[in-house]
Amino acid sequence: MSQKQTPNYTFALIVVFIVCFLIGFVTTMNNSMIPFCSKAFNLTAQDGQYVNSAFYGAYLLAIPFSLLMSKIGYKGTLVLGLAVVGVGFVINSLGINAAISAGANVYAVFLGTMCLVAMGIVMLQNVANPYVMVLGSPEKGAFRMTLSQALNSVATTVAPIFITQIIIAGKTPAPEYVPGPYLGLGIFTLVVCVILLLLKLPKIDEGKQAEEAGEHRQYKSSVFKYPHVWLGALGIFAYMGVEIGVPSMLKYRFEILPEYAGVDVSDIVTGYLSFYWGGMMVGRFVGAGILTKFEPRKLLTSCLCLGALCILLSLLFSSSMLGIWCMLAAGLFHSVMWPLIFNLGLQELGPHTKAASGVINTGVIGAAVLMPLMGAIVDMTGVIIAMCFLFVFYAYIIWFCNWGSKIGLSLK
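About the cut-offs
- Residues numbered from 1 in each chain as written.
- Predicted model: local features only at pLDDT ≥ 70, side-chain atom pairs only at ≥ 80, totals over all residues.
- Heavy atoms only, no water.
- Core = buried A, V, L, I, M, F, W, Y, C linked by side-chain atoms within 4.5 Å.
- Buried < 20%, exposed > 50% of the residue type's maximum accessible area, 1.4 Å probe, protein only.
- Helix = DSSP H or I, 4+ residues; strand = E, 2+ residues; numbered from the N terminus.
- Salt bridge = Lys/Arg side-chain N within 4 Å of Asp/Glu carboxyl O.
- Phe/Tyr/Trp six-rings, centres within 6.5 Å; stacked < 30°, edge-to-face > 60°.
- Axes fitted to C-alpha atoms, helices over the stretch in contact; angles between N-to-C directions.
- Parallel < 35°, antiparallel > 145°, perpendicular 65-115°, else oblique.
- Left-handed = near helix turned anticlockwise from the far one by under 90°.
- Contact = heavy atoms within 4.5 Å.
- Nonpolar A, V, L, I, M, F, W, Y, C, P; charged D, E, K, R; others polar.
- 1 Å grid on protein atoms, 1.4 Å probe; cavity = no way out; pocket = protein on both sides within 12 Å on 5 of 7 lines; lining within 4 Å.
- Points joined across faces, edges and corners; volume = space filled by probe spheres on them.
- Patch = residues over 30% accessible without salt bridge, like charges linked within 9 Å, V, L, I, M, F, W, Y side chains within 5 Å.
- Areas by Shrake-Rupley, 256 points an atom, 1.4 Å probe, with all protein chains shown as cover.
- Expected span 1.5 Å × (residues − 1).

Trainee: Explain the nonpolar core to me, using residue names and the numbers behind them.
Mentor: Formed by 140 residues in total, the largest nonpolar core has its most connected members in Phe110, Tyr131 and Phe254. Considering each element in turn, this core owes the most residues, 17 residues, to helix H6 (residues 106-134).

See below:
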């Protein structure tokens, strides 16, 4: 009797990795625009963080989009997500030009259109994580997800350079410099969308896949009956406060250095952000290698402790550039947190995997909620107090990693 051939998912993984690159590029570009927008629109620290709110607030739609994914499949959601991102960028470009001509509120147009772009990113994020998980053996799921996020980090490293060299290079912060690059991104995304529409990707039945792997188990009637799923969503919520909190607070962290007192640090901060996102890129490639030999929970716990240590040292050396470098070094340890938290939240779910991805992705609204809160704290008390909140986020993720993510957990 011939042995059943193992499916080759290499091509499908490459497609998803490209999508992960696009997700990282768009997301980080949005965050990197905060210093530029803050000066262009004369915003307070809290108002500047509404760029994050407009973008990450779209993750409230993660669960409805996951239900849509259950109807139209992985490929259909990929195509739709790319189309929404592309159209959103085009409308962003045309809308800003129209608002400038009409003398309307350009910042409001910018926020509204970026929310549309974010809806497409949510769809892509919903697909990318579970698709990477099911395109191969469950044992290597954490490795594949970390590798996909490593490629995502390549994009997050390139994005601040793109902002510095293309959008704001040598320019006085003003809205009229935004539309051109966003239009180019929109056209590029729509081209990728058309190409993907013509490609053939494998259809995955997660329940059948689990049975073929010898995992004969009964699944609960609803994804919400799995505590590790929604506790994982809270883990992502807290993680967004960590990942986005550091680059969002970097501008205000620079401003308390004696040598930068009264200096416009917007361009300086954007350049330094490449070190933070670059650290995440290196960490994810290294983490993918480490995961071939070490257990994910141990790696995640170690990185959480070391990331918290970096922030502590940054606070202790608050008056020197050493504190800035310690803050940026946290990116190296933040690198593996997203894929490992997500991986722990998606364990042993079979047919509920798609829905679980939507539930966990809802946690990304942490950036929409926590960043304006931290911005308000900066306005009221200064950046040092705001950064202390990062330790609360680290603490919860450590709990989730070692206790809350255990399968069969009961909170009664």
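We are not done yet, so read on.
Trainee: Lay out the pattern of salt bridges in plain terms, naming residues and giving numbers.
Mentor: Under the criterion given, the structure shown has two salt bridges. Ionic pairing is found between lysine 251 and glutamate 255, a salt bridge with its closest N-O pair at 2.8 Å. With lysine 251 and glutamate 255 both in helix H11 (residues 245-255) and four residues apart, this pair spans about one turn of that helix. Its relative accessible area of 35% is what places glutamate 255 among the partly exposed residues. Notably, a salt bridge pairs arginine 297 with glutamate 295, separated by 3.9 Å at the nearest N-O pair.

Trainee: Tell me about the packing of aromatic side chains, residues and numbers included.
Mentor: This structure, assessed with the given rule, holds 14 aromatic pairs. Ring plane angle 40° and centroid distance 5.8 Å describe the contact between tyrosine 396 and tryptophan 399, whose orientation is recorded as tilted. On the criterion of helical spacing, the pair formed by tyrosine 396 and tryptophan 399 is a turn pair, its members being three residues apart in helix H19 (residues 390-404). Taken together through their ring pairs, the aromatic side chains of Phe254, Tyr260, Tyr272, Phe275 and Trp325 make up a single cluster.

Trainee: Any chance you could break down the packing of helix H13 (residues 296-316) against helix H14 (residues 321-334) for me, citing the residues and the numbers?
Mentor: Helix-helix packing is described using two parameters, namely the angle between the two axes and the distance between the axes. Interaxial distance between H13 and H14 falls to 7 Å at its minimum, and their mutual angle equals 170°. Between H13 and H14, the crossing angle belongs to the class labelled roughly antiparallel. Between H13 and H14 lies a crossing of left-handed hand. Of the residues in H14, those touching H13 at Cys303, Leu306, Gly307, Cys310, Ile311, Leu313 and Ser314 are Gly323, Cys326, Met327, Ala329, Ala330 and Phe333. Partitioned by chemical class, the residues of the contact of H13 with H14 number ten nonpolar, three polar and no charged.

Trainee: Pulling in residues and values, what's your account of empty space enclosed by the protein?
Mentor: For the structure on display, the rule yields three cavities of 30 Å³ or more. Counted as a void, the largest cavity has a volume near 190 Å³. Taken together, 17 residues line the largest cavity, and the ones lying closest to its centre are Thr27, Gln125, Asn152, Glu243 and Trp338. Listed by contribution, the elements that provide at least two residues to the lining of the largest cavity are helix H1 (10-32), helix H7 (141-167), helix H10 (227-243) and helix H12 (266-290). Here the element with the most residues in the lining of the largest cavity is H1; it accounts for four residues. A per-class count over the lining of the largest cavity returns eight nonpolar, seven polar and two charged.

Trainee: Kindly report on the environment of serine 302, identifying the contributing residues and their values.
Mentor: Looking at where serine 302 falls in the secondary structure, it is placed in helix H13. Under the relative-accessibility criterion, serine 302 is labelled partly exposed at 40%. Spatially, the C-alpha atoms of serine 302 and isoleucine 398 are 9.3 Å apart, while their sequence positions differ by 96 residues.

Trainee: Requested: an account of the environment of valine 127, with residues and values cited.
Mentor: Relative to the helices and strands, valine 127 resides in helix H6. When the C-alpha positions of valine 127 and tyrosine 74 are compared, they lie 5.9 Å apart, and in sequence the two are 53 residues distant. When sequence neighbours within four positions are dropped, the list of residues in contact with valine 127 reads Met69, Tyr74, Thr77 and Leu78.

Trainee: Can you explain the packing of H6 against H7? Please cite residues and give values.
Mentor: One way to put it is that H6 packs onto H7 with a least axis distance of 8 Å and a crossing angle of 140°. In terms of orientation, H6 lies oblique with respect to H7. The two elements H6 and H7 meet at a crossing, and its hand is right-handed. Packed against H6, whose contacting residues are Asn129, Val132, Met133 and Val134, the element H7 presents Gly141, Arg144, Met145, Ser148 and Gln149 at the interface. A class-by-class count of the residues in the contact of H6 with H7 yields four nonpolar, four polar and one charged.

Trainee: Could you give an account of a nonpolar patch on the surface, naming the residues involved and the relevant values?
Mentor: Nonpolar side chains collect at one region of the surface, where Leu306, Leu309, Leu312, Leu316, Phe317 and Leu322 lie side by side and expose about 530 Å² of accessible area between them. A per-element tally of the nonpolar patch places H13 first, with four residues. On the secondary structure map, leucine 309 appears in helix H13.

Trainee: Could you give me a rundown of the environment of isoleucine 161, with the residues and numbers involved?
Mentor: Of note, isoleucine 161 is situated in helix H7. Note: C-alpha distance between isoleucine 161 and glycine 271 (110 residues apart in sequence) is 7.1 Å. When residues no more than four places from it in sequence are discounted, the contact partners of isoleucine 161 are Ile166 and Ser274.

Trainee: I'd like a rundown of helix H17 (residues 365-381), residues and numbers included.
Mentor: Here H17 is 17 residues long and its end C-alpha atoms lie 24 Å apart, about the 24 Å a rise of 1.5 Å per residue gives. Where burial is concerned, most of H17 is hidden: twelve out of the 17 residues are buried. Taken as a whole, H17 has its buried residues at Ile365, Gly366, Ala367, Ala368, Leu370, Met371, Pro372, Met374, Gly375, Ala376, Ile377 and Val378. Next to the buried residues of H17 lie helix H3 (45-48), helix H4 (50-56), H10, H11, helix H18 (383-388) and H19.

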